[in-house]
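Observations on the three-dimensional arrangement
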Amino acid sequence: MELHVNNSTYEVDVEPEMPLLWVIRDILNLKGTKFACGIAQCGACTVHIDGEPVRSCSYPVFAAEGKLITTIEGLSADASHPVQQAWIKHQVPQCGYCQSGQIMAAVSLLNKKPRPTDADINAAMTNICRCGTYKRIRDAIHDVAGSNAEFYQA
Amino acid sequence: MNKPATNLSRRKFLITSTAISGGFALGLQIPGTSAQQEGQGNNINIWVEIHADDAVTIKYARTEMGQGSLTSAPQLVADELDADWNQVTIEYVDVNEHIRNDRQWGAMVTVGSQTIRLSQDYLRRAGASARAMLVAAAAQAWDVPAEEIAVANGTISHEASGHRSGFGAMAELAATMPVPETVNLKDPADWHIIGQPFPRVDIPASVDGSQVYGIDAELPGMVYAAVAQCPVFGGTVRSFDASRARDRRGIIDIFGIDDGLALVVVADNWWRAKQALDEISIDWDTKGNENVSNESIKAFFQKNLDAPDGAPMPNNAGDADAAIAEADQVIEADYYTPYLSHSPMEPMGATVHIQEDRVDVWTSTQAPVASLTSVAEALGIPEEDVYLHRVQAGGGFGRRGGSTDYSRQAALVAQAMPLGTPVKLLWTREEDMQHDFYRPLAMYRIKAGLDADGYIKGWRARVASGSILNQMRGVPLSNGFDGISCEGFTRLPYQIEDQFQDFRQCATHVPLGFWRTVGWSQTPFAREQFIDELAAAAGEDPYYFRLKHMAEDELSRHILEKVAEAIGWDEAPPKGHFRGIATTEPYGSFTAAVVELSVNDAGVINIHRVIQGIDPGHVVNPDNVKAQLEGATVWAISAAMWGEITIEEGRVQESNFHNYRLMRLAEMPVMETVLAPTGGFWGGVGEPGQAPILPALCNAIYAATGTRVRSLPLQHHGFTLA
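Owing to the predicted nature of the structure, the values given are computational and were not obtained by experimental measurement.

Parameters at a glance
- Residues numbered from 1 in each chain as written.
- Chains lettered and ligands numbered in written order.
- Predicted model: local features only at pLDDT ≥ 70, side-chain atom pairs only at ≥ 80, totals over all residues.
- Heavy atoms only, no water.
- Pairing = 2+ DSSP bridges.
- Helix = DSSP H or I, 4+ residues; strand = E, 2+ residues; numbered from the N terminus.
- Axes fitted to C-alpha atoms, helices over the stretch in contact; angles between N-to-C directions.
- Contact = heavy atoms within 4.5 Å.
- Buried < 20%, exposed > 50% of the residue type's maximum accessible area, 1.4 Å probe, protein only.
- Phe/Tyr/Trp six-rings, centres within 6.5 Å; stacked < 30°, edge-to-face > 60°.
- Domains from an automatic or database assignment.
- Buried area = accessible area lost by both parts, 1.4 Å probe.
- Salt bridge = Lys/Arg side-chain N within 4 Å of Asp/Glu carboxyl O.
- Polar contact = N/O pair within 3.5 Å; in protein donor to acceptor, adjacent residues only side chain to side chain.
- Nonpolar A, V, L, I, M, F, W, Y, C, P; charged D, E, K, R; others polar.

All names here are of chain A. Ordered by their spatial adjacency, five strands build an open sheet running E2-E1-E5-E3-E4, and the pairing between neighbours is mixed. The two strands at the open ends of the sheet, each matched to only one other strand, are strand E2 (8–11) and strand E4 (52–55). Direction aside, neighbouring strands of the sheet carry axes that sit 35° apart on average. Where strand E3 (residues 46–49) and E4 come together, four bridges link them in antiparallel fashion. Counted as the bridge partner of Ile-49 is Glu-52 from E4. In the packing of helix H1 (residues 20–27) onto the sheet, the strands contacted are strand E1 (2–5), E3 and strand E5 (68–70), and the crossing angle to E3 comes to about 105°. Docked against the sheet, helix H3 (residues 99–112) engages E3, E4 and E5, running at close to 40° with respect to E3.

So, in structure tokens, the structure goes:
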């Protein structure tokens with residue numbers, strides 16, 4: 001089947017029920033998307049499908065066929081996306097393992113709501129961070145919303 | 001499959017190239033610095049390498065797993081070196097080189113909040129020594145007295161002659177200078193890199209997906225292994241039926257390893273291996289532990305709480321029983337803390353590649369030498385032939401510190417494959433949660449007297465717990481006493497003349513391990529709540545009750561006063577809000593916390609504010625210390641609210657994050673961190689923040705509801721978190 005990932009097109013020969021996560025990680029060798037729970041609980045595997053955040057560990061690859069898949073590697077070529085920059089500015093990551101998923105979830109939120117309230121952030125940011133970086137995730141999202149109005153035109 | 005050439009990631013390149021070239025440390029480039037030029041460096045000592053272009057490479061021996069010392073430890077070296085931080089690059093020490101050179105880089109483990117406190121002296125000396133050699137080189141080159149030479153921000157200068165030089169031009173000569181026998185370390189007032197909130201060097205790679213963890217190793221021709229271990233700890237495979245699994249796509253082999261301790265499926269893709277594993281029915285020999293339950297374990301611990309004799313603690317003094325007998329009031333309480341799982345976000349796993357003359361290993365580990373050794377032992381080969389590649393760990397929290405179960409398994413699977421086949425072994429989340437080395441279950445009984453003036457007269461405490469050292473490592477306990485289980489009791493910050501405390505080991509079949517903050521993650525739940533119980537019995541304010549017993553403990557008093565000041569303890573909280581306070585002394589640091597909350601009639605806890613204070617002596621990177629306190633608070637609240645690993649039929653009942661709840665962003669309280677370093681000592685930072693949170697939270701719940709919670713987690717008492 002044909003997959004459109006980060007502006008590239010790949011032809012893959014896999015079982016249709018293989019979770020998208022494993023196609024991304026082990027077939028396409030894009031390792032920025034992480035495996036952590038396997039049951040869509042933690043969000044470490046979050047990617048965008050047609051702009052929507054999806055927990056790829058529980059999303060069969062066939063359902064992604066023909067759609068636009070974006071992984072952390074496709075967010076920007078040089079970590080220049082405002083959310084990535086805010087993550088650096090606020091020194092958000094600790095171990096960093098969940099942060100690809102956190103960033104993808106945050107980008108999706110900001111794309112939809114350029115100036116999210118705390119309640120919006122609470123509702124959208126349900127990914128688990130075992131290191132406990134939540135305070136800084138919230139601060140970074142508010143910072144992006146406050147200083148990148150032109151980037152996020154609703 | 002059509003893969004565009006431009007899609008080759010940086011990570012792939014690094015891993016592939018290290019695999020070919022022999023596998024050395026992964027260099028981390030600080031943004032904005034010039035690239036290191038290969039082959040031009042001069043090793044001034046084992047920690048410092050200076051390059052012709054003035055770039056300075058500082059070696060880092062421990063692991064980075066989020067605690068930040070990949071940045072802060074080199075800050076110690078760079079400060080004494082008087083380097084320009086913008087010219088510093090940090091590079092992991094190669095483990096194989098370490099082993100071949102008498103383990104000259106010292107401890108490599110990242111455990112016990114020890115990287116700064118236990119390496120600060122030799123790291124600062126390494127920086128000072130390298131600086132002295134650069135000065136000696138300049139003195140010779142310029143023919144001027146060394147005493148007249150100044151070094152600042154990466155520049156060596158001699159004012160009288162007008163000579164100036166970067167480090168690079170002097171590096172070759174400096175490397176030939178004698179190593180100074182003694183060096184003077186700076187007065188802390190002169191530090192200019194220590195104490196600065198420099199951005200962590202590993203963070204840029206964590207925002208674009210390029211950070212490499214153990215799970216990310218990828219080699220040509222690699223096969224993947226999924227693993228199942230007996231749900232009842234210590235059990236083995238008696239037989240298995242793989243008839244439905246064998247014919248599935250991509251399956252290469254199915255076999256047991258380690259005398260049946262694990263069954264492994266090897267496939268051309270990990271998901272295929274795991275799917276096949278789920279299709280195999282396994283008959284386990286559970287070795288007689290299939291009837292152990294939480295209730296049977298609790299009954300066993302209760303007996304040990306009631307038993308007359310225990311192993312006495314070293315700080316016992318006076319006659320506790322006599323003092324209690326004379327007291328006006330006697331208070332006694334029992335406390336219970338459950339088993340807990342580490343659950344770092346990156347599951348356990350390792351990649352092992354066996355070739356004719358060498359073995360390469362990629363794994364996220366807090367103990368690189370132990371991981372390397374586990375592979376050497378599993379394969380029966382010399383340690384010198386094993387090359388362990390340094391990667392960031394996707395969380396550790398102790399799980400990757402003392403145990404090397406998964407690297408051993410990967411080695412055994414690789415050994416069973418044709419020579420030269422790289423094997424990546426990966427556990428599921430379920431496997432991780434049900435085969436952890438758990439934070440010990442423990443019970444505590446404390447009894448104390450109060451005199452008419454509200455002073456503690458006589459203190460008895462019994463700790464009934466498993467012993468991590470004895471049960472995991474086989475370390476014999478001296479006179480039956482385990483200090484780690486008794487952290488928090490072996491040095492009370494409260495001045496009590498007559499005290500008697502003891503320990504009884506309660507060994508079960510549940511594997512135990514070091515869990516973030518270890519004994520200090522649970523003993524304060526008992527100690528600091530009991531102090532509150534005494535304060536309540538005395539009719540006194542819990543903060544001032546503590547202070548009046550701390551007359552001789554200036555540092556404990558100091559941090560407690562700082563957090564009380566930060567919350568405004570003397571002013572009443574907003575209506576309906578209640579506060580709890582606690583203080584602790586973990587890992588050479590002093591930490592205290594105040595939690596302010598409200599609880600509604602339905603038991604919903606709304607945490608309004610958390611004040612978390614630390615006095616670690618010296619602060620190396622203040623922003624990182626704050627981050628550690630923030631994270632430790634989240635960690636502690638998760639444990640308090642929901643944390644429990646439950647044993648039924650000898651096996652763990654929890655399996656994944658749906659039934660082992662961890663805190664999420666919406667539940668994050670407003671928190672303020674107070675850094676209150678008093679200087680003069682070096683304490684830890686990664687773990688101490690957790691210690692006072694649990695009791696401060698429970699003390700606040702008591703203040704709000706009158707309910708004294710003596711067993712965890714809070715969810716069993718009808719409490720939920722807003």
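Still more to cover.
Consecutive side chains of a regular strand alternate in pointing toward one face of the sheet and then the other. Residues and elements named next belong to chain A. Every second residue of E1 is oriented toward a common face, the buried set being Leu-3 and Val-5 and the non-buried set Glu-2 and His-4. Relative to E2, E1 runs antiparallel, the two sharing four bridges. What sits directly across from Leu-3, in E2, is Tyr-10. Joining the antiparallel neighbours E1 and E2 is a turn of two residues, in which Asn-6 adopts a positive phi near 50°. As paired strands, E1 and E5 are joined by two bridges and run parallel to one another. Residue pairing in the sheet places His-4 in a bridge with Leu-68 of E5.

Below, the discussion takes up the packing of aromatic side chains. In total, this model carries 20 aromatic pairs over all chains according to the counting rule given. Seen in terms of ring centroids, Tyr-97 of chain A and Tyr-213 of chain B are 5.1 Å apart; in terms of plane orientation they differ by 85°. Their pairing is edge-to-face. Placement of Tyr-97 of chain A in the loop between helix H2 (82–89) and H3 and of Tyr-213 of chain B in the loop between helix H6 (203–207) and strand E9 (223–229) is noted, with the two residues assigned to different chains. One exposure class covers both Tyr-97 of chain A and Tyr-213 of chain B, and it is buried.

Now for the domain arrangement of chain A. Residue and element names in this part refer to chain A. When its domains are assigned, chain A resolves into domain 1 (2–73) and domain 2 (82–147). Distance between the C-alpha centres of domain 1 and domain 2: 21 Å. With 17 residues of domain 1 at the interface, the matching set in domain 2 holds 13 residues. For the pair domain 1 and domain 2, the summed buried area comes to about 1200 Å², and 56% of that belongs to carbon and sulfur atoms. One can count one salt bridge joining domain 1 with domain 2. The closest approach of N and O atoms between Lys-112 and Glu-52, which form a salt bridge, is 3.3 Å. Counting the contacts that link domain 1 with domain 2 gives eight residue pairs in polar contact (both at pLDDT 80 or more). Listed by contribution, the elements that provide at least two residues to the side of domain 1 that touches domain 2 are E3 and E4. Looking at which element gives the most residues to the side of domain 1 that touches domain 2, the answer is E4, with three residues. When grouped by side-chain class, the residues that make up the side of domain 1 that touches domain 2 number six nonpolar, eight polar and three charged.

So, about the interface of chain A and chain B. Across the contact, 57 residues belong to chain A and 69 residues belong to chain B. Between chain A and chain B, the buried area comes to about 5300 Å², and carbon and sulfur atoms account for 56% of it. For chain A, the biggest contributors to the area lost against chain B are Gln-94, Arg-130 and Tyr-134 of chain A; these three give 16% of the whole. Applying the counting criterion to the chain A and chain B interface returns eight salt bridges. Its salt-bridge partner being Asp-216 of chain B, residue Arg-25 of chain A comes within 3.0 Å of it at the nearest N-O pair. Counting across the interface, chain A meets chain B through 26 residue pairs in polar contact (both at pLDDT 80 or more). Here the residues of the side of chain A that touches chain B sort into 30 nonpolar, 14 polar and 13 charged.

A few words on the pattern of salt bridges. Residue and element names in this part refer to chain B. The tally for this structure, following the rule as stated, stands at 54 salt bridges over all chains. Salt-bridge contacts for Arg-358 lead to Asp-360; the nearest nitrogen and oxygen are separated by 2.7 Å. Considered together, Arg-358 and Asp-360 belong to a single accessibility category, that of buried residues. For Arg-429, the salt bridge goes to Asp-432, with nearest N and O atoms at 2.9 Å. Here the residue Arg-429 and the residue Asp-432 both occupy positions in helix H13 (residues 429–434), the gap between them amounting to three residues, near one helical turn. Note on accessibility: Arg-429 and Asp-432 belong to one class, buried. Counted as one network, the salt bridges with shared partners bring together Arg-491, Arg-527, Glu-528, Asp-532, Glu-533, Arg-546, Asp-553, Glu-585, Arg-708 and Arg-710.

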